Amino acid sequence: MRKVVSGLFVSLDGVAQSPNEWQFAFDEEMGAALARTLETADTILLGGVTFTEWAGYWPTVTGGEDAGFAKWINESPKYVVSSTLDSVEDWANSTLIRGDLATAVNELKSGQGKDITVAGSPTLVRSLLELDLLDELVLLIHPVVAGEGRKKLFTDDAPMKRLQLVEARPTSSGVIIVTYRPER
């Protein structure tokens, strides 16, 4: 059975929204962690907001330091979970998931292939965790308080969910990469 794995940048105060506005460093260890995603996953889950933001950017990247990731994400099958989008045809290899999230994700998990990664999409990550569909949560915790009214990964009224620590390691820039698995 395939695993659903999410990797998110978060601040010390739990902010996951717009990491480009508060992420001050990107080091080799973070790059290696993200490279492992490219090696271990071949399918991508996205929420509607992330899809809309990324569909306007990644298909246009053909060179530079982001070219490898752009090639991977553009060629990989992408499944978009959204109740507001009518179409995802403007980004190749994208399929809109309608209906029951648990059924759709369980079908993907039971299919052939490598892991399924959740790209960005903190709202989707919360839903997957609540529905017991997320197998691993990797957080790249930055030593910064992002504040300023940005959205946090978990809302104040989120239900309690116990997680097991799998691994924690600091990076040269002070980011801590933490991997958790939900207790089941």
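Above this note sits the structure.
Below is a summary of the structure that appears in this document.

Reading the values: rules and limits
- Residues numbered from 1 in each chain as written.
- Predicted model: local features only at pLDDT ≥ 70, side-chain atom pairs only at ≥ 80, totals over all residues.
- Heavy atoms only, no water.
- Core = buried A, V, L, I, M, F, W, Y, C linked by side-chain atoms within 4.5 Å.
- Buried < 20%, exposed > 50% of the residue type's maximum accessible area, 1.4 Å probe, protein only.
- Helix = DSSP H or I, 4+ residues; strand = E, 2+ residues; numbered from the N terminus.
- Contact = heavy atoms within 4.5 Å.
- Salt bridge = Lys/Arg side-chain N within 4 Å of Asp/Glu carboxyl O.

### Structural notes on the nonpolar core
1) Next: If you look at the biggest cluster of nonpolar residues, it comprises 22 residues, and the most contacted ones within it are Val 4, Leu 45, Val 118, Leu 128 and Leu 134.
2) Next: Elements with a contribution of two residues or more to this core: β1 (4–11), α4 (101–110), β5 (115–119), α5 (122–130) and β6 (136–142).
3) Next: Look past the residues within four positions of Leu 134 in its chain and what remains in contact with it is Val 4, Val 5, Ser 6, Val 118, Val 125, Leu 128, Leu 129, Pro 182 and Arg 184.
4) Next: Of all hydrophobic cores here, the second largest spans 16 residues; its members include Phe 51, Trp 72, Ile 73 and Trp 91.

### Thoughts on unusual backbone geometry
Peptide bonds are trans in most cases, and residues, glycine excluded, mostly fall at negative phi.
1) Next: The backbone phi angle of Ser 121 is positive, close to 55°, even though this residue is not glycine.
2) Next: Topologically, Ser 121 is positioned in the loop between β5 and α5.
3) Next: A relative accessible area of 6% means that Ser 121 is categorised as buried.
4) Next: In the Ramachandran plot, Glu 148 falls in the positive-phi region, its phi being about 50° despite a non-glycine side chain.
5) Next: Tracing the chain through its elements places Glu 148 in the loop between β6 and β7 (163–170).
6) Next: Take Glu 148: its relative accessible area is 72%, and that puts it in the exposed class.

### Re the pattern of salt bridges
Close approach of charged atoms allows side chains with opposite charge to pair.
1) Next: Within this structure, the stated rule accounts for 11 salt bridges.
2) Next: Between Asp 132 and Arg 184 there is a salt bridge; the shortest N-O distance is 3.2 Å. Placement of the pair is Asp 132 in the loop between α5 and β6 and Arg 184 in the segment after β8 (176–182), with a sequence separation of 52 residues.
3) Next: Note on Asp 132: relative accessible area 32%, which makes it partly exposed.
4) Next: One salt bridge in this structure joins Arg 150 and Glu 148, with 3.8 Å as the shortest N-O distance.
5) Next: Classification of Arg 150 as buried rests on a relative accessible area of 17%.

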